[in-house]
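The lines below spell out each chain.
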Amino acid sequence: MNQESPAVNLIAQTPTGLRGPGIFLAQFMSADAPFDTLANIAQWAAAQGYKAIQLPTSGTQYIDLARAAESQEYCDELKAICAQAGVQISELSTHLQGQLVAVHPAFDALFDDFAPAHLRGQPQARTEWAIEQLKLAARASQRLGLTAHATFSGALLWPYLYPWPQRPSGLVEQGFAELARRWLPILDCFDAAGVDLCYEIHPGEDLHDGASFERFLQAVDHHPRAAILYDPSHLLLQQMDYLGFIDRYHERIRMFHVKDAEFRPDARSGVYGGYQGWVDRPGRFRSLGDGQIDFKSIFSKLTQYDFSGWAVLEWECCLKDSQQGAAEGAAFIERHMISKTRKAFDDFAGVTADEDSNRRLLGLLR
């Protein structure tokens, strides 16, 4: 089957290229209908009001990554399944595989579950598998006609986040040098495919804030495909200026997860959370509109900087049911979409201008 998706006619696209709403499917994957197959979940997403779906690639439930990397016919079939449902694929995600590109030994046992069973207990083989997964994702994204990809950076330095005991001199620099050594061949593969590799700035990753992203960017020699997946919820929970982050890094922001959060400091715990569960932590993820994030300003800033990508819901909430969150999320994103004006509001009062007139107004001609 080789059919171009008619779903492009359904996309609410502004002159800036901001598109939406889309939805990330990782939190909805299940063996139960309608979340069991690509066809079923695509129809479900369209019924909620979404125009695009972001596909996780761990396992083969929605997409066989290796097959997609090699077969254009298979990719065309995937696109046709989505088009028939009334959505399109916005991006692919290798969050779990990206995590395994760099794992500190302290986390080996916990992250082993992200890898195929036959690789568990084999850190080196697991890393090699993860790197190959990312390279497959680059080629699969190219065949699907996508321009951006979502992933995690992994972490070699996370156990040393807080500087006690004092970190040895050169440890951080050596950690980022090794991280760059592992990611550079992957970034080159994405460059060859014409796809931006977008790291979600996320606690637990070596790329968890602007300063750490800048370190990485320097270590990979400002690689043109090293980009950011902007998710304001993770910045709010670190008490960062998530609006100023857009001003500073907008040229590298190529993907956008629309996710809400709240931070409620108290006398018992703060940013670190006191080992409490999500319900009791001061910082909590919430469904769209239930948290503290100023999405009106976020959408305004992304429009101001001509962000050309999808506004994709990532549902995570410690209180609200996922299906309620998904049902409310599409309308929430739709309400925040901005069609950027093509003319100035005061154009009606404009005057005829030419060089001589301007010189006359400046007193240079009489």
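In case you missed it, the structure is sitting above this.
What you see is a predicted model; the values in this text were computed from it and never measured.

*Asks:* I'd like to hear about the packing of helix α7 (residues 171-193) against helix α8 (residues 210-219), residue by residue, with values.
*Replies:* Packing of α7 against α8 leaves a shortest axis separation of 8 Å and a crossing angle of 60°. The chirality of how α7 crosses α8 is right-handed. Seen from α7, the contacting residues are Val172, Glu173, Phe176, Leu179, Ala180, Trp183 and Leu187; seen from α8, they are Ser212, Arg215, Phe216 and Ala219.

*Asks:* Would you mind going over the packing of aromatic side chains in detail, with residue names and values included?
*Replies:* Evaluation of the coordinates by the stated rule reveals 17 aromatic pairs. With a centroid separation of 6.2 Å and an interplanar angle of 50°, the aromatic rings of Phe28 and Trp315 are classed as tilted. Remark: Trp315 occurs in the loop between β11 (310-313) and α12 (322-336) and Phe28 occurs in the loop between β2 (19-24) and α1 (38-48); sequence separation between them is 287 residues. The buried category is assigned to Phe28, whose relative accessible area is 3%. By way of ring pairs, the aromatic residues Phe213, Tyr230, Phe245, Tyr249, Phe256, Phe299 and Phe307 are connected into one cluster.

*Asks:* Let's hear about unusual backbone geometry: which residues, and what values?
*Replies:* Omega for the peptide link from Ala33 to Pro34 comes to 5°, which places this bond in the cis form. Its place among the elements puts Pro34 in the loop between β2 and α1. Along the chain, Trp164 connects to Pro165 via a cis peptide bond; the corresponding omega equals 0°. Assignment of secondary structure puts Pro165 in the loop between β5 (148-151) and α7. At His222, a position not held by glycine, the phi torsion is positive, near 55°. Locating His222 in the fold gives a position in the loop between α8 and β7 (226-230). Exposure remark for His222: the relative accessible area of 46% places this residue in the partly exposed category.

*Asks:* Go over the nonpolar core with me, naming the residues and quoting the values.
*Replies:* Ranked by size, the top nonpolar core spans 95 residues in total, and within it Ile23, Ile53, Tyr230 and Ile298 carry the most contacts. Considering each element in turn, this core owes the most residues, 10 residues, to α7. Those residues in contact with Tyr230 that lie beyond four places of it in its chain are Leu235, Tyr242, Leu243, Phe245, Ile246, Ile253, Met255, Phe256, His257 and Ile298.

Thresholds, definitions, all that
- Every chain is numbered on its own, with residues counted from 1 as its sequence reads.
- Given that this is a predicted model, residues contribute local features only at a pLDDT of at least 70 and side-chain atom pairs are listed and counted only at 80 or more, while totals for whole chains, interfaces and linings are drawn from all residues.
- Processing note: side-chain calculations cover all non-hydrogen atoms of the structure and skip hydrogens and water entirely.
- Simply put, an axis is a line fit to the C-alpha atoms, just over the touching stretch for a helix, and the angle between two N-to-C directions goes from 0 to 180 degrees.
- The helix and strand labels rest on DSSP assignments: H or I over at least four residues marks a helix, E over at least two residues marks a strand, and numbering proceeds from the N terminus.
- Whether a crossing is left-handed or right-handed is set by the direction in which the near helix is turned from the far one by less than a right angle, anticlockwise for left-handed and clockwise for right-handed.
- Pairs of residues are marked as contacts when any of their non-hydrogen atoms sit within 4.5 Å.
- In summary, the pairing rule links any two rings of Phe, Tyr or Trp, Trp by its six-membered ring, whose centres are within 6.5 Å, and it sorts them by plane angle into stacked for under 30 degrees, edge-to-face for over 60 and tilted for everything else.
- Each residue is assigned to one of three classes by its accessible area relative to the maximum for its type, calculated with a 1.4 Å probe on protein chains only: buried under 20%, partly exposed between the two thresholds, exposed over 50%.
- For this analysis, a nonpolar core means a set of buried residues of the types Ala, Val, Leu, Ile, Met, Phe, Trp, Tyr and Cys, connected via side-chain atoms within 4.5 Å.

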